[in-house]
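Residue-level structure breakdown
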Amino acid sequence: MATVSFRDTTRVYPGSDRAAVDKLNLEIADGEFMVLVGPSGCGKSTSLRMLAGLEEVNAGGIFIGDREVTDLPPKDRDIAMVFQNYALYPHMTVADNMGFALKMQNVPKAERQARVQEAAKMLGLEDFLARKPKALSGGQRQRVAMGRAIVRSPQVFLMDEPLSNLDAKMRVATRTQIAALQQRLGVTTVYVTHDQVEAMTMGDRVAVMKDGILQQVDTPLALYDAPKNLFVAGFIGSPAMNLLEGKRTEDGVQIGDYVVRVPRETLAKAEGEATLTVGIRPEAFAVSPDGTGIGIDVSVLEELGADSYLYGTLAGLSDNEKLTAQQIIARVAARTAPDRGNMVRLVADPANVHVFSTKSGLRIS
C-alpha cells in the first residue's frame, strides 16, 4: 500500500497542439479509493495509463509512495491493472489465469496455489477454478480479472472502466462488490469511469476532469452540494442539475416571468455581470401552492413508482422554440404529477439554489 502523487504531470500526443493531460496535480492517500471521472476525451484514461507506465510523461512527475516512477517500466512499479477488456487467456483455467503473473515471477507452486485459493474465496470463485473463461459469465470473467490483480498483492490497483462490458443489473452488483473488496483489502485504488453514478457510489473521493484539466476533487457529497463550476454542476448528479441563465435584477435572477430570489451579498460578488446562471437540482423543485414560480410546459412525464420526473420547457414558448429550448427537469411526488401538456409553476428553497457566473462559469454561491 502506498500514496500516489501526480505532480504537474503532462501528456501531449505527437501532432497535437493541446495537452491530453495538462499539469495534473493530484494527491491520493494510502488506502484511498480515488475515482477519475469525466466525458470521453477528458484525459482520465491517459492519466491512469501514465501511472501504469503505458504512456510517456512529457513533463512533471509521478510518485508511488516516496519513489518516483515517472521513467520506470510497468513491471517495476508494483501496480496491478484491470482493463475494460478482461484479457484472460482462453486456453488456461481460472486458477491458471489468476496465478499466471506469480508463475512468471517464479513464486513457488505451493504459495501460488494458496494465494489463488485465498483470492478465489474472497471473490466467490472457488467453484470455478477448474473452468475455462468461455464457460463463465461476463461478471465472473471480470471477477477473475480482479483476482489476477489481487494475488499479486500490489501497492496500487488501477482499474480502467472495468464494468463497461456488463449489463446494467450486473454493473450495479459488481460495483458494490468492488467497493466492498477494496475496503477489505485497504489497497490504494485508482478507478476510471465515464459513469458519474459509479463515481458517486464507489469513490472515497472523486476527481472530475474536462479537456485534460482537473476541475475539482472532493468527496461525492461535497461535489454534489458545492460544485466549483458550471461543468461540475452539470456533470455530477442524475438527472443533471438544471442550469438556467437569466437576467440579473435587484432581488435575484429572472427566469421567464419569475424572479428567483438570490441574497444581495451573493449578487454583490458578481458586480458588472448582466446575466447569471442559477443551478437547481430536480429534487429541489416543488410545485408552487400559490401559483407563483417558474412556469413550465410539461412535455414528458416519467412515473418510476416511488418518484415521478417531469420534463418541460419554459412556459410561453412557441412549438418551434420548444424544439431548441433548454429542458427543465423536476422531481415530484409519485402519482401527483400534472398531465403532459399542462403548465405548472415550480419554486425552490433559496438555500438550495446555486449561483454561477455566466461569464467565467465559476461558482458564486
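Everything in this summary refers to the structure shown in the same document.

What counts as what
- Within each chain, residue numbers correspond to sequence positions counted from 1 in written order.
- Local features in a predicted model are, by the rule used here, given only for residues with pLDDT of at least 70; side-chain atom pairs are given and counted only at 80 or more, and totals for whole chains, interfaces and linings are based on all residues.
- Only hydrogens and water are set aside; all other atoms, that is, all heavy atoms of the structure, feed into the side-chain values.
- Secondary structure elements are defined from DSSP: runs of H or I of at least 4 residues count as helices, runs of E of at least 2 residues count as strands, and each element is numbered from the N terminus.
- For the exposure calls, accessible area comes from a 1.4 Å probe over protein chains only, and a residue counts as buried if that area is under 20% of its type's maximum, exposed if over 50%, partly exposed in between.
- Multiply 1.5 Å by the residue count of a helix minus one, and that product is the helix's expected span.
- Our arc is simply the arc of the directions from the helix axis toward the C-beta atoms.
- The criterion used for residue contact is that any of the two residues' heavy atoms lie within 4.5 Å.
- Polar contacts here mean pairs of N or O atoms no more than 3.5 Å apart (in protein, one a potential hydrogen donor and the other a potential acceptor; neighbouring residues in sequence count only if both atoms are side-chain atoms).
- Here, a salt bridge means any Lys or Arg side-chain nitrogen found within 4 Å of an Asp or Glu carboxyl oxygen.
- Two rings belonging to Phe, Tyr or Trp (six-membered ring only in the last case) form a pair when the distance between their centres is within 6.5 Å. Interplanar angles under 30 degrees mark stacking, angles over 60 mark edge-to-face geometry, and anything in between is tilted.
- Sitting over a ring, as applied to charges here, requires NZ of Lys or CZ of Arg to be within 6 Å of the ring centre and within 35 degrees of the ring normal.
- Axis angles are defined between N-to-C directions and span 0 to 180 degrees, where every axis is a line fitted to C-alpha atoms and, for a helix, only to the segment in contact.
- Here is the rule for angles: anything less than 35 degrees is roughly parallel, anything more than 145 is roughly antiparallel, 65 through 115 is roughly perpendicular, and the remaining ranges are oblique.
- In this scheme the crossing of two helices becomes right-handed for a clockwise turn of the near helix relative to the far one and left-handed for an anticlockwise turn of less than a right angle.
- Note that Gly is not counted as nonpolar here; it falls among the polar residues with everything else outside the nonpolar set of Ala, Val, Leu, Ile, Met, Phe, Trp, Tyr, Cys and Pro and the charged set of Asp, Glu, Lys and Arg.
- Following DSSP output, two strands are said to pair if at least two bridges run between them.

In this structure, P239 follows S238 across a cis peptide bond, with omega equal to -5 degrees. Look at E161: it is not a glycine, yet its phi comes out positive at around 45 degrees. For E161, the location among the structural elements is in the loop between β7 (156-160) and α5 (168-185). Taking relative accessible area as the criterion, E161 reaches 14% and is therefore assigned buried. Located in the positive-phi region is D211, a residue other than glycine, with phi close to 50 degrees. Note on placement: D211 falls in the loop between β9 (205-210) and β10 (213-218).

We now examine helix α1 (residues 44-52). Burial of α1 is extensive: seven of the nine residues sit out of reach of the surface. Residues K44, T46, S47, L48, M50, L51 and A52 constitute the buried set of α1. Phi turns positive one or two residues past the end of α1, at G53, with a value near 90 degrees.

Here the focus is helix α3 (residues 109-123). The first and last C-alpha atoms of α3 sit 21 Å apart over 15 residues, in line with the 21 Å expected at 1.5 Å per residue. Here α3 has its buried residues at R112, R115, V116, A119, A120 and L123. Along the axis of α3, the buried residues cluster in a sector spanning 135 degrees; they form a single face. For α3, the exposed residues lying more than 90 degrees away from the buried face are A110, E118 and K121. Packed against the buried residues of α3 are α2 (94-104), α4 (138-150) and α5.

What follows is about the environment of T188. Within the secondary structure, T188 sits in strand β8 (residues 188-193). A relative accessible area of 0% means that T188 is categorised as buried. Among all residues touching T188, those that are not within four sequence positions of it are A2, V4, I28, A29, D30, G31, E32, Q155, V156 and F157.

What follows covers the side chain of T46. Here T46 shows up in helix α1. A relative accessible area of 12% means that T46 is categorised as buried. At a separation of 3.4 Å, a polar atom in the side chain of T46 contacts the side chain of Y13. Residues contacting T46, with those up to four places away along its chain left out, are R11, Y13, A20, V21 and E55.

Counted by the stated rule, this structure contains eleven salt bridges. For E55, the salt bridge identified is with R49, shortest N-O distance 3.4 Å. Within this structure, R11, R49, E55 and E56 form a network of salt bridges that share partners.

With that settled, the discussion passes to the packing of aromatic side chains. Ring pairs (aromatic) are described by centroid distance and by the angle formed between their planes. Applying the stated rule across the entire model yields three aromatic pairs. Seen in terms of ring centroids, F231 and F235 are 5.6 Å apart; in terms of plane orientation they differ by 20 degrees. Their pairing is stacked. One end of the pair is F231 and the other is F235, both in helix α8 (residues 230-235) and four residues apart, which spans about a single turn. One cation-aromatic arrangement involves R7 over F63; the distance from NZ or CZ to the ring centre is 3.9 Å. In this arrangement the basic side chain of R281 is found over the ring face of Y224, its NZ or CZ atom lying 3.9 Å from the centre.

This next bit is on the packing of α4 against α5. At a minimum axis distance of 11 Å, the contact between α4 and α5 shows a crossing angle of 15 degrees. The orientation of α4 with respect to α5, classified from their angle, is roughly parallel. Two packed elements cross with a definite hand, and for α4 against α5 that hand is right-handed. Along its contact with α4, which presents G139, R143, M146 and I150, the element α5 presents M170, Q177, I178, L181 and L185. Looking at the contact of α4 with α5 residue by residue, the classes come out as six nonpolar, two polar and one charged.

The next subject is the sheet that holds strand β5 (residues 67-68). Read from one edge of the open sheet, four strands run β2-β1-β4-β5, paired in antiparallel fashion. The open sheet terminates on both sides in strands that have one partner only, identified here as β2 (21-28) and β5. Relative to the sheet, α1 contacts β1 (4-11), β2 and β4 (59-64), its axis offset from that of β1 by approximately 115 degrees.

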